[in-house]
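In case you want the letters, here they are:
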Amino acid sequence: MKLVVAVVQDKDSNRLSNALIKEGFRATKLASTGGFLRAGNTTFMIGIEDERISEVMQVIKANCKIREQMVTPVSPMGGTTDSYIPFPVEVQVGGAAVFVLPVERFEHF
């Protein structure tokens with residue numbers, strides 16, 4: 001058994017949740033915040049049998065898309081802000097960061 005932890009952008013959250021349910025995967029959703037853009041994310045925790053890992057990965061890949069977004073960087077924490085002029089930059093957002101972890105023991109009460 002494995003634990004799949006998938007961090008996805010909020011824009012992809014509902015689509016992924018519906019797709020997981022449709023394919024018969026049970027998941028727990030947690031609200032989370034990214035450190036780089038400080039934007040909302042959703043973290044999915046999915047307990048899955050080893051033989052179904054490729055199926056759940058395919059569902060995640062099909063429903064979490066990378067997109068380009070213009071962002072204005074947060075001002076630096078140290079130093080003077082007089083010389084800091086924020087310019088919007090284009091970054092890639094979305095997609096999914098997926099971790100697959102071994103599960104030593106699972107019980108459901």
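The following refers to the structure shown. Quantities reported herein were computed from a predicted structural model and do not represent experimental measurements.

Within the chain, the secondary structure is distributed over 2 helices and 6 strands. Overall, the chain shows an N-to-C arrangement of helices and strands of β-α-β-β-α-β-β-β. Per-residue burial for the chain yields a buried fraction of 28% across its 109 residues. Intrachain contacts of the chain at a sequence separation of at least 6 include 69% that bridge at least 24 residues. Summed over all atoms, the accessible surface of the chain reaches about 7,600 Å², with 56% contributed by carbon and sulfur.

Let's shift gears to the sheet that holds strand 2 (residues 28-33). If you trace the 4 strands from one edge of the open sheet to the other, you get 2-3-1-6, paired in antiparallel fashion. Either end of the sheet is taken by a strand with one partner, and the two such strands are strand 2 and strand 6 (96-102). Pairwise comparison of adjacent strand axes, ignoring direction, gives a mean angle of 20 degrees for this sheet. As judged from the 8 bridges shared by strand 1 (residues 2-9) and strand 3 (residues 40-48), these two strands associate in the antiparallel manner. Its bridge partner being in strand 3, Lys2 is matched across the sheet by Ile48. Its contacts with the sheet place helix 1 (residues 10-22) against strand 1, strand 2 and strand 3, and it is angled at close to 25 degrees to strand 3.

Its 13 residues give helix 1 an end-to-end C-alpha distance of 19 Å, which sits within 8% of 18 Å, the value for a rise of 1.5 Å per residue. Listing the buried residues of helix 1 in full gives Asp12, Ser13, Leu16, Ser17, Ala19 and Leu20. Within two residues after helix 1, Gly24 carries a phi angle of roughly 85 degrees, on the positive side.

On to the side chain of Asp12. Of note, Asp12 is situated in helix 1. Asp12 sits in the buried class, given a relative accessible area of 0%. A polar contact of 2.4 Å, which involves the side chain of Asp12, links it to the side chain of Arg15.

Within helix 2 (residues 53-63), burial applies to Ile53, Val56, Val59, Ile60 and Asn63. All buried residues of helix 2 lie within an arc of 130 degrees about the axis, which places them on one face of the element. For helix 2, the exposed residues lying more than 90 degrees away from the buried face are Ser54 and Lys61. Where helix 2 is buried, its residues touch strand 1, helix 1, strand 3 and strand 6.

Now for the pattern of salt bridges. Considering all chains together, one arrives at 4 salt bridges under this definition. Among the salt bridges present, the one from Arg105 reaches Glu107, with a minimum N-O distance of 2.1 Å. Judged by its relative accessible area of 65%, Arg105 is exposed. Residue class for Glu107 comes out partly exposed when judged on its relative accessible area of 38%.

Reading guide: rules and limits
- Residues numbered from 1 in each chain as written.
- Predicted model: local features only at pLDDT ≥ 70, side-chain atom pairs only at ≥ 80, totals over all residues.
- Heavy atoms only, no water.
- Helix = DSSP H or I, 4+ residues; strand = E, 2+ residues; numbered from the N terminus.
- Buried < 20%, exposed > 50% of the residue type's maximum accessible area, 1.4 Å probe, protein only.
- Contact = heavy atoms within 4.5 Å.
- Areas by Shrake-Rupley, 256 points an atom, 1.4 Å probe, with all protein chains shown as cover.
- Pairing = 2+ DSSP bridges.
- Axes fitted to C-alpha atoms, helices over the stretch in contact; angles between N-to-C directions.
- Expected span 1.5 Å × (residues − 1).
- Polar contact = N/O pair within 3.5 Å; in protein donor to acceptor, adjacent residues only side chain to side chain.
- Arc of directions from axis to C-beta.
- Salt bridge = Lys/Arg side-chain N within 4 Å of Asp/Glu carboxyl O.

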